[in-house]
Amino acid sequence: MPDVGEGLTEAEILKWYVQVGDTVTDGQVVCEVETAKAAVELPIPFDGTVHELRFPEGTTVDVGQVIISVNVGGGDAPAAEAPVAEAAPVVAAPAAPAVEDDEPKGRQPVLVGYGVAASSTKRRPRKAPAGAAPAAAPAAPVLVSVPEQLNGHAPAGARPLAKPPVRKLAKDLGVDLATVTPTGPDGIITREDVHAAAAPAPAPAALAPAPVAAPAPAPAQAPAPVAAAVVSSDAREVRIPIKGVRKATAAAMVGSAFTAPHVTEFVTFDITRTMKLVEELKSDKDMAGLRVNPLLLIAKAVLVAVKRNPDINAAWDEAAQEIVLKQYVNLGIAAATPRGLIVPNIKDAHAQTLPELSKSLSELVSTAREGKTTPAAMQGGTFTITNVGVFGVDTGTPILNPGEAAILAVGAIKLQPWVHKGKVKARQVTTLALSFDHRLVDGELGSKFLADIAAILEQPKRLITWA
């Protein structure tokens, strides 16, 4: 089971797309797993024949355990374990008894990501589910004979190190990874390296959202299985295992609540003019085919307010004892999914036009509902919006997304009596709540930022005058 590059320690096998005896090719998706953050499809980095599936669907497997074996040497060659988080890569070797290689330095390429770091903490053995065959004892790394070239590439140990989204970016830009100079840790090629290699073409104004690893398409699947619940003997209690996204969310929220000193401020205001603008934009030809709703303009108002109050877009680096000011906005949108609460973000949202932002929001929401949000899409957020108003509540006191300085909760928009131009009239009113990390944001900054958002939504022409 590989570490998909986000420091995860375990994952549940949701679906096998191959069976023993199937022929697989380099980059083909072989299974779908659910990590603590998302459902992820794992590609195989070999051409060969499936020799063994080590675990059945529904099994939770620790990172570092072998989950599949592939025969890469043809019919007469020995079956070679695909090095899914194994210590040593598959390398060419003479016809001689297999021997243990020296402990490798750094992390090695596996199905997705780069295996387990040499300093990974040992974990206690996990019980296999009832009826499942016991997992094989860890074996020494296997050295096998493989062709000098695999699918047109150098042997696995010599392949450039890059995560699947970076490989896809390189393919889209026509960049040969073998010609790219890596700048990441342990010689890993980053997105920036690929963009630099794509020169002399002018660099794009803003980076596109991190692409989803896109191996061979898999057939549409039913919703992921829910953790098996245990009903008490008197049927008065139901116990549901804490796992996957729910487990990760709980850990993140507890860590945030007891690390960052939270302060929450509220503002209630007349949002009628913004609601009228929403209706006008729906019939605008430049927004044809795009989803226009209050959240879109609220998101745009947040981006303008961040520009006016840039210190709100920061992070606290405890280890370095530094405050990190972000010169970009990766706008997170909290989304309720069947797997639990997730917060994917729109990369470089500050650089997007209103139509581009509308498209990004729609893609983010649809991907989350389908359960296809990738871990990369949930990393690197700088500010979050949570729209609790869709549930009919006035507002809430949101907990910070770890690593961010502030989060905005949007309440329900309701028709209420309101003093407008000296008279009490029925107006559309809402309440916003801003929680912020008081280590980073003092009361003055938090108040100005929240007041700016409200002022923009009261008079949406400020989207132009203040931008």
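No experiment lies behind these values; they were computed from the predicted model shown.

Take the overall build of the protein next. Along the protein, the regular secondary structure elements total 8 helices and 23 strands. Contacts in the protein between residues far apart in sequence, at least 24 positions, make up 61% of those at least 6 positions apart. Counting every atom, the protein has about 24200 Å² of accessible surface; 56% of that belongs to carbon and sulfur.

Right, let's talk about the pairing of strand β21 (residues 406-410) for a bit. Summarising burial for β21: 5 of the 5 residues are buried, a large majority. Here β21 shows a buried face lined by A406, L408 and V410 and a second buried face lined by I407 and A409. As judged from the 4 bridges shared by strand β20 (residues 383-387) and β21, these two strands associate in the parallel manner. Its bridge partner lying in β21, T386 is registered against A409.

Right, let's talk about the packing of helix α5 (residues 294-308) against helix α6 (residues 354-369) for a bit. α6 packs onto α5 with a crossing angle of 120 degrees between their chain directions and a minimal axis gap of 10 Å. Comparing their axes, α6 and α5 come out oblique. You can see that α5 and α6 cross each other, and the crossing is right-handed. Counted together, L296, L297, A299, K300 and L303 of α5 and L354, L357, S358 and L361 of α6 form the full contact between these two elements. Residue composition of the contact of α5 with α6, by class: 7 nonpolar, 1 polar and 1 charged.

As a further point, take the pattern of salt bridges. For the structure on display, the rule yields 9 salt bridges. R439 is paired through a salt bridge with E318; the nearest N and O atoms lie 3.9 Å apart. Pair noted here: R439 is in the loop between β23 (423-437) and α7 (443-458) and E318 is in the loop between β14 (314-317) and β15 (322-325), with a separation of 121 residues, a long-range link. According to the relative accessible area criterion, R439 is partly exposed, its value standing at 28%. The partner of R439 in a salt bridge is D437, with the nearest N and O atoms 2.7 Å apart. Here D437 falls in the buried class, since its relative accessible area comes to 2%.

Before going further, it helps to spend a moment on the sheet that holds strand β6 (residues 60-62). Sheet architecture is open: 4 strands sit in the order β4-β3-β1-β6, paired in antiparallel fashion. Edge positions in the sheet fall to β4 (39-43) and β6, since each of these pairs with one other strand and no more. The average undirected angle you get between the axes of adjacent strands in this sheet is 40 degrees. As defined by bridge partners, strand β1 (residues 10-16) adjoins β6 across 3 bridges and the pair is classed as antiparallel.

In this description, a pair of aromatic rings is defined by centroid distance and the angle of the planes. Under the definition given, this model contains 1 aromatic pair. Note on F383 and F449: the rings are 5.5 Å apart at their centroids and 65 degrees apart in plane angle, and the pair reads as edge-to-face. You can see F383 sitting in strand β20 and its partner F449 sitting in helix α7, a full 66 residues away along the chain. Across the pair, exposure class does not vary: F383 and F449 are buried alike.

Here we come to the environment of P398. If you trace the backbone, P398 turns up in the loop between β20 and β21. For P398, a relative accessible area of 11% translates into the label buried. Linking P398 and T264, residues 134 residues apart in sequence, is a C-alpha distance of 8.0 Å. Excluding residues that lie within four positions of it along the chain, P398 makes contacts with H262, T386, I407, A409, A433 and S435.

In this model α6 runs 23 Å from its N-terminal to its C-terminal C-alpha over 16 residues, within 8% of the 22 Å that 1.5 Å per residue would give. Those residues of α6 that are buried are in contact with α4 (272-282), α5, β16 (331-333), β17 (335-337), β18 (340-342) and β19 (345-346). One or two residues past the end of α6 sits G371, with phi positive at roughly 75 degrees.

What follows is about unusual backbone geometry. In the Ramachandran plot, D348 falls in the positive-phi region, its phi being about 50 degrees despite a non-glycine side chain. Overall, the relative accessible area of 13% leaves D348 in the buried class. Its identity is not glycine, yet K421 carries a phi of approximately 55 degrees, on the positive side. Locating K421 in the fold gives a position in the loop between β22 (414-420) and β23. Since its relative accessible area comes to 70%, K421 is described here as exposed.

It is worth spelling out the confidence of the model for the protein at this point. Per-residue pLDDT for the protein has a mean of 77; in total, 71% of the residues score no lower than 70. Overall, residues 75-157 carries pLDDT values under 50, and its contacts beyond four positions in sequence, including any with other chains, amount to 128 contacts. In the predicted structure, residues 201-227 sits below a pLDDT of 50 and forms 37 contacts with residues beyond four places in sequence or in another chain.

This part covers a nonpolar patch on the surface. On the surface, a cluster of nonpolar side chains totalling about 270 Å² of accessible area is made up of W316, I323 and L325. As for its placement among the helices and strands, W316 is situated in strand β14.

This brings us to the environment of P338. With respect to the element layout, P338 can be found in the loop between β17 and β18. Residue class for P338 comes out exposed when judged on its relative accessible area of 81%. In the structure, P338 is positioned 30 residues away from A368 in sequence and 9.4 Å away in space, judged by C-alpha atoms.

A cluster of basic side chains, namely R273, K276, K421, K423, K425 and K461, defines a positive patch on the protein surface. Secondary structure elements with two or more residues in the positive patch: α4 and β23.

The rules we used
- Here the residue numbers are simple positions, counted from 1 along each chain's written sequence.
- Reporting in this predicted model follows two pLDDT cut-offs: at least 70 for local features of residues, and 80 or more for side-chain atom pairs to be given and counted; totals over whole chains, interfaces and linings ignore these cut-offs and use all residues.
- Hydrogens and water are ignored here; the side-chain numbers use all heavy atoms of the structure.
- Starting at the N terminus, helices and strands are each numbered in turn, a helix being any DSSP run of H or I of at least four residues and a strand any DSSP run of E of at least two.
- The contact criterion used is simple: two residues touch if any of their non-hydrogen atoms lie within 4.5 Å.
- Here the Shrake-Rupley method, with its probe set to 1.4 Å, supplies the accessible areas, and only the displayed protein chains count as covering residues.
- The classification of residues rests on relative accessible area computed with a 1.4 Å probe and restricted to protein chains. Under 20% of the type maximum is buried, over 50% is exposed, and intermediate values are partly exposed.
- Pairing between two strands requires that DSSP report at least two bridges joining them.
- Axes here refer to lines fitted to C-alpha atoms; in helices the fit is confined to the stretch in contact. Angles between the N-to-C directions go from 0 to 180 degrees.
- Orientation categories follow fixed angle ranges, with anything under 35 degrees roughly parallel, anything over 145 roughly antiparallel, 65 to 115 roughly perpendicular, and all other angles oblique.
- Whether a crossing is left-handed or right-handed is set by the direction in which the near helix is turned from the far one by less than a right angle, anticlockwise for left-handed and clockwise for right-handed.
- Think of it as three bins: nonpolar holds Ala, Val, Leu, Ile, Met, Phe, Trp, Tyr, Cys and Pro, charged holds Asp, Glu, Lys and Arg, and polar takes everything else, Gly as well.
- For salt bridges, the criterion is a side-chain nitrogen of Lys or Arg within 4 Å of an Asp or Glu carboxyl oxygen.
- Here the aromatic set is Phe, Tyr and Trp, taking the six-membered ring for Trp, and pairing holds for ring centres within 6.5 Å; pairs whose planes are under 30 degrees apart are stacked, those over 60 apart are edge-to-face, and all others are tilted.
- The span expected for a helix works out to 1.5 Å for each residue beyond the first.
- Think of pLDDT as the predictor's per-residue confidence, scored from 0 to 100.
- Residues enter patches when they are more than 30% accessible in relative terms and free of salt bridges; like-charged ones are connected within 9 Å and nonpolar ones (Val, Leu, Ile, Met, Phe, Trp, Tyr) within 5 Å.
- Neither His nor the chain ends is counted toward charge; the positive residues are Lys and Arg and the negative residues Asp and Glu.
- The location of each charge is read from NZ of Lys, CZ of Arg, CG of Asp or CD of Glu.

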